[in-house]
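Summary of structural features
Given next are the chains, with one letter for each unit.
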Amino acid sequence: MKKTIYLLAILFIAVSCEDEIEVEVPTGETRLVIDATFEYFQNETPAVVEGGVKLTLSAPFFNNNVPTVSDATVFITNLSDNTVISFIESEESGFFIPFSTNFIPEFNTLYQLTVQYNNETYIAKTQLVPTVPIDNIKQGDATLFDGDETEIIISYTDDASRDDFYFFDFDFNLFLTGEDRFYQGKSFSFSYFYDKMVADKDITIKILGIDEQYYNYATLLIEQSDQGGGNPFQVPPAVLRGNIINTSNSNNYPLGYFTLSEASRFDFTISK
């Protein structure tokens, strides 16, 4: 069974390793895009939370200049005790970070993101989702289609006490989703192939815990982001609705997602 799962994983990765999340929003009504992603590295010393809230406006499909939003109020509320974490805009236009560095999310606690912009209020609720650490990463010698791909093999051990959904960040804006349906509570390894020369490069690979709703959302987003088919006139990606709502005007819904993920990362140098 383990060998079969391993081969299935290789096949799945093979068709996914070129996906990059660089999605342009199709031409249409301008909407607020809220990318609120937080990664909690609990096992590091000291524990650290990375991420923030990126605010932009949707742009035409072939427009490379995505307008950012600065004139907004952003905060997160801990709904268990109504503690409010205020945000300020960083040096990066449209990117908001906690005013205090003491924002450490807790498990089994509901958090609400609030964004106030253009006299309308947008909210989303989520909880911190746990993950497992990466056990090991090593470089393999297998290839795929062109023969010059670089293989790395990622190993981790799933938690048997829950159903896990995973989000993998392979650096270079390369992402992948996974779930533990076929290996719950077991050690698991799979291969990932970089299709460009990455010899002698230092990379950081991360594994994030996500819930099933975000797993479905991110999987579709990754699938839609594959623009490598060679046809510049293909149908643009469909608009994906996230977990954020507009409480002032439901018709003017936003795009984007609010996530809180426990994360683990592994630094690795790819050899020649």
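Below is a short write-up of the structure. (Residues numbered from 1 in each chain as written. Predicted model: local features only at pLDDT ≥ 70, side-chain atom pairs only at ≥ 80, totals over all residues. Heavy atoms only, no water.)

Some points on the overall build of the chain
When its secondary structure is counted, the chain shows two helices and 15 strands. Residues counted as buried form 45% of the 272 residues belonging to the chain. Surface exposure of the chain reaches about 14,300 Å², of which carbon and sulfur atoms provide 50%. (Helix = DSSP H or I, 4+ residues; strand = E, 2+ residues; numbered from the N terminus. Buried < 20%, exposed > 50% of the residue type's maximum accessible area, 1.4 Å probe, protein only. Areas by Shrake-Rupley, 256 points an atom, 1.4 Å probe, with all protein chains shown as cover.)

Considerations on the environment of Tyr-156
Along the chain, Tyr-156 falls in strand β9 (residues 150-157). Of the residues examined, Tyr-156 reaches a relative accessible area of 1% and is grouped as buried. For Tyr-156 and Val-132, which are 24 residues apart along the polypeptide, the C-alpha to C-alpha distance reads 7.3 Å. At 2.5 Å, the side chain of Tyr-156 forms a polar contact with the side chain of Tyr-183. (Polar contact = N/O pair within 3.5 Å; in protein donor to acceptor, adjacent residues only side chain to side chain.)

Here we look at the nonpolar core
Residues Ile-34 and Val-53 are the most contacted members of the largest nonpolar core, which totals 26 residues. Tallying contributions element by element places strand β1 (residues 32-41) first for this core, with five residues. In contact with Val-53, not counting residues within four places along its chain, are Ile-34, Asp-35, Ala-36, Phe-38, Val-74, Phe-87, Gly-94, Phe-95, Phe-96 and Leu-113. Ile-152, Phe-170, Leu-174 and Ile-207 belong to the second-largest nonpolar core, a separate cluster that totals 22 residues. (Core = buried A, V, L, I, M, F, W, Y, C linked by side-chain atoms within 4.5 Å. Contact = heavy atoms within 4.5 Å.)

Some words on the packing of aromatic side chains
Applying the stated criterion across every chain yields a total of 24 aromatic pairs. Taken together, a centroid distance of 6.4 Å and an interplanar angle of 90° make the contact between Phe-38 and Phe-258 edge-to-face. Of this pair, Phe-38 sits in strand β1 while Phe-258 sits in strand β15 (residues 255-269), and the two are 220 residues apart along the sequence. For the pair shown, Phe-38 and Phe-258 are each scored as buried. Between Arg-241 and the ring centre of Tyr-253, over which it is positioned, the NZ or CZ distance is 3.7 Å. In this arrangement the basic side chain of Arg-265 is found over the ring face of Phe-41, its NZ or CZ atom lying 3.7 Å from the centre. (Phe/Tyr/Trp six-rings, centres within 6.5 Å; stacked < 30°, edge-to-face > 60°. Lys NZ or Arg CZ within 6 Å of the ring centre and 35° of its normal.)

Describing the side chain of Thr-177
On the secondary structure map, Thr-177 appears in strand β11 (residues 175-179). Within the structure, Thr-177 has its side chain in polar contact with the side chain of Thr-219 (distance 2.8 Å).

Quick look at the pattern of salt bridges
Taken as a whole and judged by the stated rule, the model has nine salt bridges. For Arg-31, the salt bridge is made with Glu-29, and the minimal N-O distance between the two is 3.4 Å. Classification of Glu-29 by relative accessible area gives exposed; the value is 55%. Here Glu-39 and Lys-206 are joined by a salt bridge, their closest N and O atoms 2.9 Å apart. Pair noted here: Glu-39 is in strand β1 and Lys-206 is in strand β13 (residues 202-210), with a separation of 167 residues, a long-range link. (Salt bridge = Lys/Arg side-chain N within 4 Å of Asp/Glu carboxyl O.)

Notes on the sheet that holds strand β12 (residues 187-194)
Ordered in space as β8-β9-β12, the three strands form an open sheet in which the pairing is antiparallel. Each edge of the open sheet carries a strand with a single partner, namely β8 (134-139) and β12. Shown here is a sheet whose adjacent strand axes are inclined to one another by a mean of 20°, direction ignored. Relative to β12, β9 is paired through eight bridges, and the arrangement is antiparallel. (Pairing = 2+ DSSP bridges. Axes fitted to C-alpha atoms, helices over the stretch in contact; angles between N-to-C directions.)

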